Amino acid sequence: MVRALNCDQRGEMMRSLLTSLLVTCALAQSTAANCRQALALGLDVSGSVDLREYRLQLDGLVTALNHPDVVSALLASPDAPVALMVFEWSGPADQSILVPWTSISDAQTLAIVSETLAGTQRRNATPGTALGVAMTLGAQYLDQQKDCWKRTLDISGDGQSNLGPRPRDVKQAIGARGITINALVIGADAPATGDRRQSEIGELSSYFRAEVITGPKAFVQTALGFEAYAEAMTAKLKKELDGLAVSALQ
């Protein structure tokens, strides 16, 4: 025989159902919030980067983001997309966000990011290369994306830090937070006479390898001048995104 529930029992059942519903909704929202990778790109706009080089850097990033292999990797798993942001850095108190955190879940969103970067004009930036500050700021941005499976900070730079905290003094704490830092090192453009670019970029790469990068499989990508930025950025993004894209499809 089925007994009718009294008011207290009915109330308890309703509270239990409501609790279950709220938990289910919370889990669904948490799953929806997950992303495959948070990728923060920090672009060097210090005094050593002239207007021509600035344009090559931004246009190179647009070219890289739209390379067929990079697009395929970015869009490989729409249910667990890549979260992307782009910021500029130079002196200790001079940073600017170009693209806020954006979930790259479809081609239209990627097109909007590309159009934003392509239409960005250079602002007045203070001289100086505060690489340690840029690393710290990039890590703070990535702390906003703790639901992501992997968090990666990409720092592009054409020189050693000369202001603010030393990169070596901040990278260990950043790595301890589960953040990987990779670097794209940009060498000098082709000189009118002589050519020491290979040795110079070798020295700069060694500096970034020792002082900047951190985390599992962290690496330094090189561009022999800003003319090679697009090619180098494409190679770097393919390397960073490939492993997670493949695992997401399995």
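This text follows the structure it describes.
Scope of this entry: the structure provided in the associated data block. (Residues numbered from 1 in each chain as written. Predicted model: local features only at pLDDT ≥ 70, side-chain atom pairs only at ≥ 80, totals over all residues. Heavy atoms only, no water.)

## Structural notes on the state of the cysteines
Here's step 1: A complete count under the given rule lists 1 disulfide for this structure.
Here's step 2: Covalent S-S linkage joins Cys35 and Cys148, the inter-sulfur distance amounting to 1.7 Å. Given an S-S torsion of about 115°, the disulfide between Cys35 and Cys148 has right-handed geometry. One end of the pair, Cys35, is in the loop between helix H1 (7–33) and strand E1 (37–44); the other, Cys148, is in the loop between helix H5 (131–142) and strand E4 (151–157), and 113 residues separate them in sequence. Both residues of the pair, Cys35 and Cys148, belong to the buried class. (Disulfide = S-S within 2.5 Å. Helix = DSSP H or I, 4+ residues; strand = E, 2+ residues; numbered from the N terminus. Buried < 20%, exposed > 50% of the residue type's maximum accessible area, 1.4 Å probe, protein only.)

## Considerations on the packing of H5 against helix H6 (residues 167–176)
Here's step 1: H6 packs onto H5 with a crossing angle of 15° between their chain directions and a minimal axis gap of 8 Å. When the interaxial angle is binned, H5 and H6 end up roughly parallel. Here the hand of the crossing between H5 and H6 comes out left-handed. Contact with H5, carried on its side by Leu131, Gly132, Met135, Thr136 and Ala139, involves Pro167, Val170, Lys171 and Ile174 of H6 and no other residues of that element.
Here's step 2: Partitioning the contact of H5 with H6 into residue classes produces 6 nonpolar, 2 polar and 1 charged. (Axes fitted to C-alpha atoms, helices over the stretch in contact; angles between N-to-C directions. Parallel < 35°, antiparallel > 145°, perpendicular 65-115°, else oblique. Left-handed = near helix turned anticlockwise from the far one by under 90°. Contact = heavy atoms within 4.5 Å. Nonpolar A, V, L, I, M, F, W, Y, C, P; charged D, E, K, R; others polar.)

## Some points on the packing of aromatic side chains
Here's step 1: On inspection of all chains with the given rule, the structure shows 2 aromatic pairs.
Here's step 2: With a centroid separation of 5.7 Å and an interplanar angle of 80°, the aromatic rings of Tyr207 and Phe208 are classed as edge-to-face. Just as Tyr207 is buried, Phe208 falls in that class too. (Phe/Tyr/Trp six-rings, centres within 6.5 Å; stacked < 30°, edge-to-face > 60°.)

## Brief notes about the environment of Ala40
Here's step 1: Residue position: Ala40 is located in strand E1.
Here's step 2: Taking the relative accessible area as the measure of exposure, Ala40 reaches 0% and is therefore buried.
Here's step 3: Those residues in contact with Ala40, other than ones at most four positions away along the chain, are Met85, Phe87, Trp101, Leu142, Thr152, Leu153 and Asp154.

## Examining helix H4 (residues 107–118)
Here's step 1: Relative to the 16 Å expected for 12 residues at 1.5 Å per residue, H4 spans 16 Å between its end C-alpha atoms, a close match to the ideal helical length.
Here's step 2: Along its buried surface, H4 packs onto helix H2 (51–65), helix H3 (68–74), strand E2 (82–89) and strand E3 (95–104).
Here's step 3: For H4, the N-terminal capping position is held by Asp106, with its side-chain oxygen 3.3 Å away from the main-chain nitrogen of Gln108. (Expected span 1.5 Å × (residues − 1). Polar contact = N/O pair within 3.5 Å; in protein donor to acceptor, adjacent residues only side chain to side chain.)

## Brief notes about the sheet that holds strand E5 (residues 179–186)
Here's step 1: Taken together, the 6 strands give an open sheet; going across it, the order is E3-E2-E1-E4-E5-E6, and neighbouring strands pair in mixed fashion. Two strands close off the open sheet at either side, each with one partner strand: E3 and strand E6 (220–223). Each neighbouring strand pair of the sheet contributes to a mean axis angle of 15°, computed without reference to strand direction.
Here's step 2: Across 7 bridges, the pairing between E2 and E3 is antiparallel. (Pairing = 2+ DSSP bridges.)

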